[in-house]
Amino acid sequence: MAATAAQASLELLDRARATTGEGPLWDAARGVLWWVDIPAGLVHRFDPRRGPDVPLDVGAAVGAVALRRDGTLLAALADSLAVLDPADGRLATLLPFLPADPALRCNDGKVDPAGRFWIGRLDRAEAAGAGTLLRVGADGSVTTCLAGLTVPNGLDWSPDGGTMYYVDSAWGEVRRYDFDPLHGTMTREASLVRFPADGGVPDGLTVDAEGCLWVAWWGMGRIERVSPGGEHLESIELPVSQVASCAFGGDDLDQLYVTTAREGLTAERLRAEPLAGALFRCRPGVRGRPPTLFAG
């Protein structure tokens, strides 16, 4: 197969050696990319104009970050949602996740079109059915929208806000839901696209300005572009197997940033994949959409 334009433009940005690089998020106000290394408790800031990547140690597993209107970040920690000051790394608890359970942690999250923060929580040992998908409102309310999950993962919305896409990696597929932006409710679950059961699983995802999904394929070393109808459109191959997530960024939102992981790889595999855990970028020829700010 001939290389796509995006694959030909693939750049190595930082040899971060992340254990589990996740949650890339473009901050247009600062012109930087935020992303997390979940088990290491690091919130990374990558400035493409200045570099290098700068990690902030938040002292606990961090599943995702979101932007707030006042310029601070929200950090989904293992046991709480915290406000993170990007200038000095200080944390202030906004709300705890109740009931408290040390066996759980957060895993991926995103703000919906109306400014609510959706966060997946899972059992650290990935016990089947122990995971949930939470919705945090601007008023601080926390609602469990899905239960019985195993590895809650990537999520995003269609450009018109009427469809929500979601992944539990244990499903091996991306599912779609009718979404009500006013009330933040998801109905009429249906399978959008199922990935072959050959060792890889869908992970993080983002939706571009044309409404197509870019899905990280953990274990298979690629990003798949999928149409709103579930058709595989193109693939971007990476030199690492554990591709975790992706997000559009840059001044024109035409650059796709990709996070990867070293988690669980044997010493032999790490020798074969020296760039595992690195941050990459490519130009896929389409644009993304700016992330929504948390309304609270």
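Rules and cut-offs
- Residue positions within a chain follow its written sequence, with the count starting from 1.
- Where local features are concerned, this predicted model is filtered to residues with pLDDT of at least 70; where side-chain atom pairs are given and counted, the filter is 80 or more; whole-chain, interface and lining totals use all residues.
- Derived side-chain values reflect all non-hydrogen atoms in the structure, with water molecules and hydrogen atoms excluded from consideration.
- One bridge is not enough; two strands pair if DSSP finds at least two bridges between them.
- Put simply, DSSP H or I for four residues or longer makes a helix, DSSP E for two residues or longer makes a strand, and each gets a number counted from the N terminus.
- Here, axes are lines fitted to C-alpha atoms. For helices the fit covers the stretch in contact, and angles between N-to-C directions go from 0 to 180 degrees.
- The cut-offs for exposure are 20% and 50% of the maximum accessible area for each residue type, with area from a 1.4 Å probe on protein chains only; residues under the lower value are buried, those over the upper are exposed, and the others partly exposed.
- Positive charge is attributed to Lys and Arg, negative charge to Asp and Glu, and no charge count is given to His or to the chain ends.
- Within this document, salt bridges are pairs made up of a side-chain nitrogen of Lys or Arg and a carboxyl oxygen of Asp or Glu, the two lying within 4 Å of each other.
- A 3.5 Å cut-off defines polar contacts: any pair of N or O atoms within that distance qualifies, except that in protein one atom must be a possible hydrogen donor and the other a possible acceptor, and neighbouring residues in sequence count only when both atoms are side-chain atoms.
- The contact criterion used is simple: two residues touch if any of their non-hydrogen atoms lie within 4.5 Å.
- Cavity: a set of points on a 1 Å grid over the protein atoms alone where a 1.4 Å probe fits but cannot get out. Pocket: an open set with protein on both sides within 12 Å along at least five of seven lines, its lining residues, like those of a cavity, having an atom within 4 Å of a point.
- Grid points are joined across faces, edges and corners, and a volume is the space filled by probe spheres set on the points.
- In this classification, the charged set is Asp, Glu, Lys and Arg, the nonpolar set is Ala, Val, Leu, Ile, Met, Phe, Trp, Tyr, Cys and Pro, and all remaining amino acids, among them Gly, are polar.
- Two aromatic rings from Phe, Tyr or Trp, using only the six-membered ring of Trp, form a pair when their centres are within 6.5 Å; if the ring planes differ by under 30 degrees the pair is stacked, by over 60 it is edge-to-face, and anything between is tilted.

Colleague: Is there a simple way to explain the sheet that holds strand 24 (residues 279-282) in this structure?
Modeller: Each strand in a sheet pairs with another by means of backbone hydrogen bonds, the pair being arranged parallel or else antiparallel. Strand order in the open sheet formed by four strands is 1-24-23-22, and the pairing between neighbours is antiparallel. Of all strands in the sheet, those bounded by a partner on one side alone are strand 1 (11-14) and strand 22 (243-249). Strand after strand, the sheet turns through a mean of 30° between neighbouring axes, direction not considered.

Colleague: Would you explain the side chain of aspartate 37 in this entry?
Modeller: Along the chain, aspartate 37 turns up in strand 3 (residues 32-37). Summary of buried charges: aspartate 37 has no salt-bridge partner, and the nearest side chain of opposite charge, arginine 262, is 8.2 Å away. Polar contacts involving the side chain of aspartate 37 include one to the main-chain amide nitrogen of threonine 20, which spans 3.0 Å. Discounting chain neighbours no more than four positions away, the residues touching aspartate 37 are Ala18, Thr19, Thr20, Leu42, His44 and Val62.

Colleague: How should I be thinking about the layout of surface pockets in this particular structure?
Modeller: The gaps of empty space that remain are located by a probe, the size of a water molecule, rolled over the atoms. The volume enclosed by the largest pocket comes to roughly 460 Å³. Taken together, 31 residues make up the lining of the largest pocket; nearest its centre are Lys110, Asp156, Pro290, Pro291 and Thr292. Mapped onto the lining of the largest pocket, the elements with two or more residues apiece are strand 2 (21-27), strand 6 (62-67), strand 10 (104-111), strand 14 (152-157), strand 18 (201-207) and strand 22. Here the lining of the largest pocket is composed, by residue class, of 18 nonpolar, eight polar and five charged.

Colleague: Please explain unusual backbone geometry as it appears in this structure.
Modeller: With the exception of glycine, most residues fall at negative phi, and the peptide bonds are largely trans. With an omega of -5°, the peptide bond between leucine 98 and proline 99 qualifies as cis. Within the chain, glutamate 126 stands out as a residue other than glycine whose phi angle is a positive 60°. Residue placement: glutamate 126 occurs in the loop between strand 11 (117-123) and strand 12 (131-136). Of note, the phi angle at leucine 253 is positive, near 55°, even though the residue is not glycine. Locating leucine 253 in the fold gives a position in the loop between strand 22 and strand 23 (255-260).

Colleague: Explain the packing of aromatic side chains to me, please; I cannot follow it from the model alone.
Modeller: Each aromatic ring pair is described using two quantities: the centre-to-centre distance and the angle formed by the ring planes. For the coordinates displayed, the defined rule picks out eight aromatic pairs. With a centroid separation of 5.9 Å and 15° between ring planes, the pair formed by tryptophan 26 and tyrosine 257 is classed as stacked. Of this pair, tryptophan 26 sits in strand 2 while tyrosine 257 is found in strand 23, placing the two residues 231 residues apart along the sequence. Taken as a pair, tryptophan 26 and tyrosine 257 share a single burial class, namely buried. Cluster of aromatic residues (ring-pair linked, three or more members): Trp26, Phe46 and Tyr257.

Colleague: Help me understand the sheet that holds strand 2, please; the structure alone is not making it clear to me.
Modeller: Read from one edge of the open sheet, four strands run 2-3-4-5, paired in antiparallel fashion. Each edge of the sheet is formed by a strand with only one pairing partner; in this case those strands are strand 2 and strand 5 (54-57). Between one strand axis and the next, the sheet turns by 20° as a mean value, whatever way the strands run. Where strand 3 and strand 4 (residues 42-46) come together, five bridges link them in antiparallel fashion. Considered in strand 4, the bridge of tryptophan 34 is made with arginine 45.

Colleague: Please clarify how the pairing of strand 22 should be interpreted in this entry.
Modeller: Two faces, one strand: in a regular strand the side chains alternate between the faces of the sheet. Across the seven residues that make up strand 22, a large majority, seven, are buried. Sheet topology note: the strand 22/strand 23 ladder contains six bridges and is antiparallel. Opposite cysteine 246, over in strand 23, you have valine 258 as the bridge partner. What sits between strand 22 and strand 23 in their antiparallel hairpin is a turn of five residues, with glycine 250 showing a positive phi close to 95°.

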